[in-house]
Amino acid sequence: MDGFELNVDAESHPIDIAEALAEHREWDFDRIAEDRISISVEGQWRHYSVTMAWSTLDETLRILCTFDLAPPRDKQPALYDLLNRINDQCWAGAFCYWDDSKQMVFRYALMLADDQCASLAQIARMINICTLNAERYYPAMQLLIWGNRSPSEAIQIAISEAYGHA
């Protein structure tokens with residue numbers, strides 16, 4: 001992983017690992033709580049807010065990648081249609097739109113059991129999956145909302161994989 005070695009034991013808290021990764025990559029971050037971190041990741045199209053949270057209750061590491069999106073009300077039904085098409089292509093994670101906060105959200109989770117720990121590679125991969133999906137589908141959302149394209153036309157821009165990394 002970029003020649004980056006993290007000197008932690010096998011029982012490191014996943015949010016500690018995420019914080020070390022953010023420091024290494026020189027991303028802005030805020031350690032919100034012991035079990036939560038918010039990281040700003042710069043993409044090709046925009047900055048993404050990546051929030052990771054660890055739940056001891058169900059042993060799940062959750063990640064949200066959000067960005068502002070404020071479509072006009074008359075475009076929202078088409079946006080939901082586009083999101084259904086996008087989610088059909090996403091095997092790991094899913095998009096949803098939070099109308100109250102005008103946020104597009106990509107959600108993903110890593111479920112661990114029996115005191116397993118997330119590795120640096122898994123956490124880096126989670127962040128990468130979220131930001132790559134946001135980068136891949138952001139242009140389709142823009143075409144639909146501001147380019148007056150139909151959901152079927154807009155999704156065509158995202159048919160090929162995004163290249164690069166977060």
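You'll find the structure just up there.
All values reported here derive from a predicted model rather than from experimental measurement.

**Quick word on the environment of Ser-12**
Then, number 1: Note on placement: Ser-12 falls in the segment before α1 (14-25).
Then, number 2: It is 7.1 Å that separates the C-alpha atoms of Ser-12 and Cys-117, two residues lying 105 residues apart in sequence.
Then, number 3: Sequence-distant contacts of Ser-12, defined by excluding residues within four places in its chain, comprise Ile-17 and Cys-117.

**Side note on helix α2 (residues 76-89)**
Then, number 1: The terminal C-alpha atoms of α2, which comprises 14 residues, lie 20 Å apart, in line with the 20 Å expected from a rise of 1.5 Å per residue.
Then, number 2: Residues of α2 that are buried: Gln-76, Leu-79, Leu-82, Leu-83 and Ile-86. Along the axis of α2, the buried positions cluster into a sector of 110 degrees, meaning they face one direction only. Residues of α2 that are exposed and point over 90 degrees away from its buried face: Pro-77, Asn-84 and Asp-88.

**Comments concerning the nonpolar core**
Then, number 1: Ranked by size, the top nonpolar core spans 47 residues in total, and within it Met-52, Ile-127 and Met-141 carry the most contacts.
Then, number 2: Among the elements that line this core, the one with the most residues is helix α3 (residues 120-146), at 14 residues.
Then, number 3: Setting aside residues up to four positions removed in sequence, Ile-127 forms contacts with Leu-21, Trp-27, Ile-39, Val-41, Val-50, Met-52 and Ile-63.

**A look at the sheet that holds strand β5 (residues 94-98)**
Then, number 1: Spatial ordering of the open sheet is given by β1-β2-β3-β4-β6-β5, a layout of six strands whose pairing is antiparallel. Bordering the open sheet on either side are β1 (28-33) and β5, each of which pairs with just one other strand. Averaged over all pairs of adjacent strands, the angle between their axes in this sheet comes to 25 degrees, without regard to strand direction.
Then, number 2: As paired elements, β1 and strand β2 (residues 36-42) share four bridges and run antiparallel to each other. When the sheet's bridge partners are listed, Phe-29 is paired in β2 with Ile-39.
Then, number 3: Across the sheet, α2 is in contact with β5 and β6 (103-111); its angle to β5 comes to roughly 160 degrees.

**Let's talk about unusual backbone geometry**
Then, number 1: Even without being a glycine, Lys-102 presents a positive backbone phi close to 55 degrees.
Then, number 2: Unlike most non-glycine residues, Asn-148 shows phi in positive territory, near 55 degrees.
Then, number 3: One can find Asn-148 in the loop between α3 and α4 (151-155).
Then, number 4: For Asn-148, a relative accessible area of 57% puts it in the exposed group.

How each quantity is defined
Residues numbered from 1 in each chain as written. Predicted model: local features only at pLDDT ≥ 70, side-chain atom pairs only at ≥ 80, totals over all residues. Heavy atoms only, no water. Helix = DSSP H or I, 4+ residues; strand = E, 2+ residues; numbered from the N terminus. Contact = heavy atoms within 4.5 Å. Expected span 1.5 Å × (residues − 1). Buried < 20%, exposed > 50% of the residue type's maximum accessible area, 1.4 Å probe, protein only. Arc of directions from axis to C-beta. Core = buried A, V, L, I, M, F, W, Y, C linked by side-chain atoms within 4.5 Å. Pairing = 2+ DSSP bridges. Axes fitted to C-alpha atoms, helices over the stretch in contact; angles between N-to-C directions.

Function cannot be read off these values alone, since they describe shape.
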